[in-house]
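Working through the structure, step by step
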Amino acid sequence: MFSKLAVFVAAAFVATAVAGSITDSCNTGTVQCCDSLNEPTSSAVAGVLGLVGVALSDVTAQVGLHCNPITAIGAGTGANCNASPACCDKVYSNSLVGINCTPISLGA
């Protein structure tokens, strides 16, 4: 019984540590795993911004394409981010595009 409690407490500490490192990575917006980060003036981004109704003048940083959220406990579709982890101010069209994204490191 004591060993089960010890394992539970240890797991809680690990989850808290992971949540702290991910949550502290963003001052605004959410942590996303994007397939790519692009300059707002790139040809790949121009058409997508128009589709989601974002004016180029509203974009002050990189644009993430095909972004998925990374949750505090490391679950969700972006949990194993092998592409471009980023902090994005806003995400549009069911994670199609994130605007004003800043690359981050998810390492502890």
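Coordinates for the structure precede this section.
A short tour of the structure in this document, coming up. All of these numbers come straight from a predicted model, not from anything done at the bench. (Residues numbered from 1 in each chain as written. Predicted model: local features only at pLDDT ≥ 70, side-chain atom pairs only at ≥ 80, totals over all residues. Heavy atoms only, no water.)

**Some remarks on the sheet that holds strand β1 (residues 30-38)**
The sheet built from four strands closes into a barrel, its strands ordered β1-β2-β4-β3 with antiparallel pairing. Direction aside, neighbouring strands of the sheet carry axes that sit 60° apart on average. One ladder, built from three bridges, connects strand β2 (residues 62-69) with strand β4 (residues 97-103); its direction is antiparallel. Bridge pairing in β4 links Q62 to C101. (Pairing = 2+ DSSP bridges. Helix = DSSP H or I, 4+ residues; strand = E, 2+ residues; numbered from the N terminus. Axes fitted to C-alpha atoms, helices over the stretch in contact; angles between N-to-C directions.)

**A few points about the nonpolar core**
Counting ten residues, the largest nonpolar core is built from V45, V48, L49, V52, V54, V59, V63, L65, V97 and I99. For this core, the secondary-structure elements that each account for two or more residues are α2 (43-52), β2 and β4. No other element matches α2, which puts four residues into this core. Residues within four places of V59 in sequence aside, it is in contact with P40, L49, V54, I99 and N100. Among the nonpolar cores identified, the runner-up in size contains seven residues, and V31, I70, C81 and I104 belong to it. (Core = buried A, V, L, I, M, F, W, Y, C linked by side-chain atoms within 4.5 Å. Buried < 20%, exposed > 50% of the residue type's maximum accessible area, 1.4 Å probe, protein only. Contact = heavy atoms within 4.5 Å.)

Just geometry here; none of it tells us what the structure is for.
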